Amino acid sequence: MSLDQPNTALDPRCPSGPLAERWTKHLSEIKLVAPANKRKHTIIVVGTGLAGGSAAATLAELGYNVINLCIQDSPRRAHSVAAQGGINAAKNYQNDGDSVWRLFYDTIKGGDFRSRESNVHRLAEVSTEIIDQCVAQGVPFAREYGGTLANRSFGGVQVSRTFYARGQTGQQLLLGCYSGLMRQVDAGRVTLLPRREMLELVLVDGKARGIVARNLITGELERYAGDAVLLATGGYATAYYLSTMAVNSNASAVWRCYKKGAFFGNPSLTQIHPTAVPQLGDYQSKLTLMSESLRNDGRVWVPMQPGDKRRPNDIPEAERDYYLERIYPSFGNLVPRDIASRQALYRVREGKGVGPTGVAVYLDFKEAIGRLGRQVVTDRYGNLFQMYEEIIGDDPYETPMMIYPAPHYTMGGLWVDYNLMSTIPGLHVLGEANFSDHGANRLGASALMQGLADGYFVAPNTVGHYIASVDLPKVGTDHPAFAAAEREVNARVTKLLSIQGNRTVREFWWDIGRVMWDQVGMSRSEAGLKEAIDTIQGLKARFWEDVRVPGSADDFNKSLELAGRVADFFELGELMARDALARRESCGGHFREECQTPEGEALRDDANFAHVAAWEYRGDDTEPARHIEPLDFEFVELKTRSYK
């Protein structure tokens, strides 16, 4: 791969001035749309998770007409529902030294100094408003005995700032968001369209003016026109096949936008969650997350001796290695996710892995139960323990859990500026679908924070600024651009159905997933990444020659849905490997084996890679162009990230 490509510096359009005043200053300077004029504008929101649902509800509350597409049968089934442990906010209810600045700094440091100061500080500021909003909606956060909201700790921090509702925080936040959304549906300001999948972005005069979607029940292609498009379709961890993401989670919407001109930021920066139920077989469809909150009270360990196959309760304390506590005494079991994941990988490589496959470590609650009592542990984690027992068949109150890292979250996504707008005017990207706030590693409980910050507080302001700033002549679905986009969709669908090969879509998905996990997963090398690119290109060619997609396009067809997504995974997977190969450093979740300290820790190269890499599509048969956005650190000092 050649790196002799355009290296254009991207402008994030961040405000100037003191960091703590930038968002307030920006709000005072952006253009507004008068209340009577908002009714004249239609905004398309794709996605109904926390980012999309909150944006749709808030924009409608402001007076805009909103078209909101949901890939599930109900917004309540968006994948945000699966988030378990909590949501961060700098309220400092524990009086333990927390502040907006400390949340900002922890997030910058946790991301290994690969995110924008301006965006991250805004996120920390807005976090306090999110909690007030959700409490007002009736979200049942845990409370202390006196009635104040309770907090717990998550990895990478030394304060308690995570608000939670047992192990169901995502579900409860989504229900609060859903109530606000359905209020606007009832008021007639949101048109909610379930079981639709966006398959193409429509550009008119270079601006995002609509989409083409497929009705997943009838197979019919539908056109929707608007003045702006908000994409909130989540991440792309399902490129690994086995991940903690729902099988329905996919990258097709962001990939369609990428191929229409939206730059893709940091595609290789993915997160491997250290606390998932280990893989049990070759043909399961996904992995199950065990919340990071469990590391508050659970102790991670492996046997001292390689190959020790005794049951965990038969291994005495003196023969156990509590390796996170040993290696990182300041943070112990609460080190960030990337570090905890790599250390688990090292233990397995040493032959100390546990369980029937030897690819797992233990998470032990015996000490916490003895110190706090079983009821307290049940109150904090009961539903998680119950879920684990249903999957594994072991009672975690009596026997340590088995856990192992799994693909979980993607810090990469479509590049956006400070206003959350992509390189395509009018296309705004929210939540996990954008790259913006987490750098090279996301701290636990920050995903829900970012999704709701973008949806409730950022996009409703910045989208209005866009609408007030540009000329938006009336565009209907009869515009030729919609017909052209629909022809593109029909051509892809027809091609997929016409191949009639010998292998199923899921077999190809499994093939690329293994390549991604082995070569573009927790540990990456130059040789492995080059091999991955070659292998993925070969798999892609075989897919278009030998895949078999049964059924037709004129009906409910799950195989056709999957085929489109897997076709995109071949192209996205190759881009992820290219990005990882180009970034010759280790940072956060991106660990290059050639770039590590003698102790096996990540070794950054700030002189050459303190930037965002944003990739531009230049055609199916042409290598993408790699552009950069320099990261200028005015308020924090670049340091080696240490949790020891």
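Residues numbered from 1 in each chain as written. Predicted model: local features only at pLDDT ≥ 70, side-chain atom pairs only at ≥ 80, totals over all residues. Heavy atoms only, no water.

**Considerations on the sheet that holds strand 14 (residues 361–364)**
Here's step 1: Here five strands make up an open sheet; going across it, the order is 11-15-14-12-13 and the pairing antiparallel. The sheet is open, and its two borders are formed by strand 11 (270–276) and strand 13 (320–321), each paired with just one other strand.
Here's step 2: Note: strand 12 (residues 299–303) against strand 14, three bridges, orientation antiparallel. Note on strand 14: the bridge partner recorded for Trp301 is Tyr362. (Pairing = 2+ DSSP bridges. Helix = DSSP H or I, 4+ residues; strand = E, 2+ residues; numbered from the N terminus.)

**Observations concerning unusual backbone geometry**
Here's step 1: In this model, Arg195 sits at a positive phi of 55°, which is unusual for a non-glycine residue.
Here's step 2: Along the polypeptide, Arg195 turns up in the loop between strand 5 (190–194) and strand 6 (196–204).

**Details of the domain arrangement of the protein chain**
Here's step 1: By domain assignment, the protein chain separates into domain 1 (273–407) and domain 2 (480–619).
Here's step 2: One C-alpha centre belongs to domain 1, the other to domain 2; they are set 31 Å apart.
Here's step 3: For the pairing of domain 1 and domain 2, the buried interface totals around 1000 Å² over both sides, and the portion due to carbon and sulfur atoms is 55%.
Here's step 4: Where domain 1 meets domain 2, there are two salt bridges.
Here's step 5: Glu593 is the salt-bridge partner of Arg349, the closest N and O atoms lying 3.9 Å from each other.
Here's step 6: Summed over the shared surface of domain 1 and domain 2, the number is three residue pairs in polar contact (both at pLDDT 80 or more).
Here's step 7: Of all the secondary structure elements, the ones that give two or more residues to the side of domain 1 that touches domain 2 are helix 9 (337–349) and strand 15 (401–410).
Here's step 8: Residue composition of the side of domain 1 that touches domain 2, by class: six nonpolar, four polar and four charged. (Domains from an automatic or database assignment. Buried area = accessible area lost by both parts, 1.4 Å probe. Salt bridge = Lys/Arg side-chain N within 4 Å of Asp/Glu carboxyl O. Polar contact = N/O pair within 3.5 Å; in protein donor to acceptor, adjacent residues only side chain to side chain. Nonpolar A, V, L, I, M, F, W, Y, C, P; charged D, E, K, R; others polar.)

**Details of the sheet that holds strand 5**
Here's step 1: Overall, parallel pairing links the five strands, which are arranged 5-2-1-9-17 in an open sheet. Either end of the sheet is taken by a strand with one partner, and the two such strands are strand 5 and strand 17 (427–429). If you compare each strand with its neighbour and ignore which way they point, the axes differ by 20° on average.
Here's step 2: In this sheet, strand 17 lies alongside strand 9 (residues 228–231) in parallel orientation, the contact comprising three bridges. By the bridge assignment for strand 17, Val229 is matched with Leu427.
Here's step 3: Lying on the sheet, helix 6 (residues 169–187) is in contact with strand 2 (65–70) and strand 5; it crosses strand 5 at an angle near 115°. (Axes fitted to C-alpha atoms, helices over the stretch in contact; angles between N-to-C directions. Contact = heavy atoms within 4.5 Å.)

**A short note on the packing of aromatic side chains**
Any pair of aromatic rings gets described here by the distance separating the centres and the angle formed by the planes.
Here's step 1: Within this structure, the stated rule accounts for 26 aromatic pairs.
Here's step 2: Ring centres of Trp101 and Phe104 lie 4.9 Å apart, and the angle between their planes is 55°; this geometry places the pair in the tilted category. Residue Trp101 and its partner Phe104 are both found in helix 4 (residues 100–110); the two are separated by three residues, about one turn of the helix.
Here's step 3: Take Trp101: its relative accessible area is 41%, and that puts it in the partly exposed class.
Here's step 4: Taking relative accessible area as the criterion, Phe104 reaches 0% and is therefore assigned buried.
Here's step 5: Geometrically, the ring pair formed by Tyr236 and Phe264 is edge-to-face, given 5.6 Å between the ring centres and 75° between the ring planes. Remark: Phe264 occurs in strand 10 (residues 264–265) and Tyr236 occurs in the loop between strand 9 and helix 7 (252–258); sequence separation between them is 28 residues. (Phe/Tyr/Trp six-rings, centres within 6.5 Å; stacked < 30°, edge-to-face > 60°. Buried < 20%, exposed > 50% of the residue type's maximum accessible area, 1.4 Å probe, protein only.)

**A short note on the nonpolar core**
Here's step 1: By size, the foremost hydrophobic cluster in this structure holds 149 residues, and its most contacted members are Ile87, Leu231, Leu414 and Leu427.
Here's step 2: With 14 residues, helix 16 (residues 558–582) is the single largest residue contributor to this core.
Here's step 3: In terms of domain composition, this core takes at least three residues from each of domain 1 (273–407) and domain 2 (480–619).
Here's step 4: Contact partners of Leu231, with chain neighbours within four places excluded, come to Val46, Met198, Ala253, Val254, Cys257, Leu414, Leu427, His428, Val429, Leu430 and Ala433.
Here's step 5: Listed in part, the 40 residues of the second largest apolar core include Val300, Val302, Val335 and Val377. (Core = buried A, V, L, I, M, F, W, Y, C linked by side-chain atoms within 4.5 Å.)

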